[in-house]
Amino acid sequence: MSKLSYKTVSANKNTVTKEWVLVDADGQTLGRLASKIAMLIRGKYKPNYTPHVDCGDNVVVINAEKINLTGKKWTDKSYIRHTGYPGGQRSLTATEMFEKEPTRLVEKAVKGMLPKNILGSALFRNLYVYAGAEHNQTAQAPKAINLNDLK
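Note on numbering: residues in each chain are counted from 1, in written sequence order. The predicted origin of the model limits local features to residues at a pLDDT of at least 70 and limits the giving and counting of side-chain atom pairs to 80 or more, whereas totals for whole chains, interfaces and linings rest on all residues. For the side-chain quantities, the full set of heavy atoms in the structure was used; hydrogens and water were omitted.

Draft legend 1. Representation of the pattern of salt bridges within the structure. Should a side-chain nitrogen of Lys or Arg be within 4 Å of a carboxyl oxygen of Asp or Glu, the pair is scored as a salt bridge. In total, this model carries four salt bridges according to the counting rule given. Two residues, Glu 19 and Lys 143, come together in a salt bridge whose shortest N-O distance is 3.8 Å. In this pair, Glu 19 sits in the segment before strand E1 (20-24) while Lys 143 sits in strand E6 (residues 143-144), placing the two residues 124 residues apart along the sequence. Given a relative accessible area of 48%, Lys 143 falls into the partly exposed group. A run of H or I in DSSP counts as a helix once it spans at least four residues, and a run of E counts as a strand once it spans at least two, with each numbered from the N terminus. Note on exposure labels: buried denotes an accessible area under 20% of the residue type's maximum, exposed denotes more than 50%, and partly exposed covers the range between, all computed with a 1.4 Å probe on protein chains only.

Given below as structure tokens:
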């Protein structure tokens, strides 16, 4: 009697194949863009996805200054931080943060969708966001992808 034997293959940092991916944020909605970027960074589109391993791609986002927010989020959405001193709670609206540094909106949205642990911190370092169309990762030759083709 022959038995079929299936082994679950778990990826590790030696067997993972990481690629460089270029994403154009021109005209994209912030949350929908961020969720797909987070899945690319996490590696969930790969067949050898392993939850406790950094098996995702390095993602370069260009044109972060051309993102969209729906509804009244430009004025109503607030980003809260604390200085660490008593009474030190500060808040910025999405418009104020966008004028200060447009890349930070995309970075905060993606970071909020990654795990809140050491792995999430390591995954966040695989994200490179640029406000304009030029980026510093030309030596890595990132492959441009269309986010609308991803599920």
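Anyway, onward from the coordinates.
Draft legend 2. The arrangement of the sheet that holds strand E2 (residues 58-62) in detail. With parallel pairing, the four strands of this open sheet are ordered in space as E5-E2-E1-E6. Every interior strand has two partners, whereas the edge strands, strand E5 (127-129) and E6, have only one. The strands that helix H1 (residues 30-42) touches are E1, E2 and E5; relative to E2, the one it contacts most, it runs at about 155 degrees. The pairing criterion for strands is at least two bridges between them, as found by DSSP. Working rule for contacts: check all heavy atoms of both residues, and any pair within 4.5 Å makes them a contact. Interaxial angle, 0 to 180 degrees, is taken between N-to-C directions of lines fitted to C-alpha atoms, where a helix line uses only the stretch in contact.

Draft legend 3. Spotlight on the packing of aromatic side chains. Pairing of aromatic rings covers Phe, Tyr and Trp, the last counted by its six-membered ring, and requires centre-to-centre distances within 6.5 Å; plane angles under 30 degrees mean stacked, over 60 mean edge-to-face, and any other angle means tilted. Using the criterion set out here, one finds two aromatic pairs in the structure. For a ring to carry a charge above it, either NZ of a lysine or CZ of an arginine must fall within 6 Å of the ring centroid while also lying within 35 degrees of the normal to the ring plane. Across the ring face of Phe 124, the terminal group of Lys 111 is positioned such that the distance to the ring centre comes to 5.0 Å.

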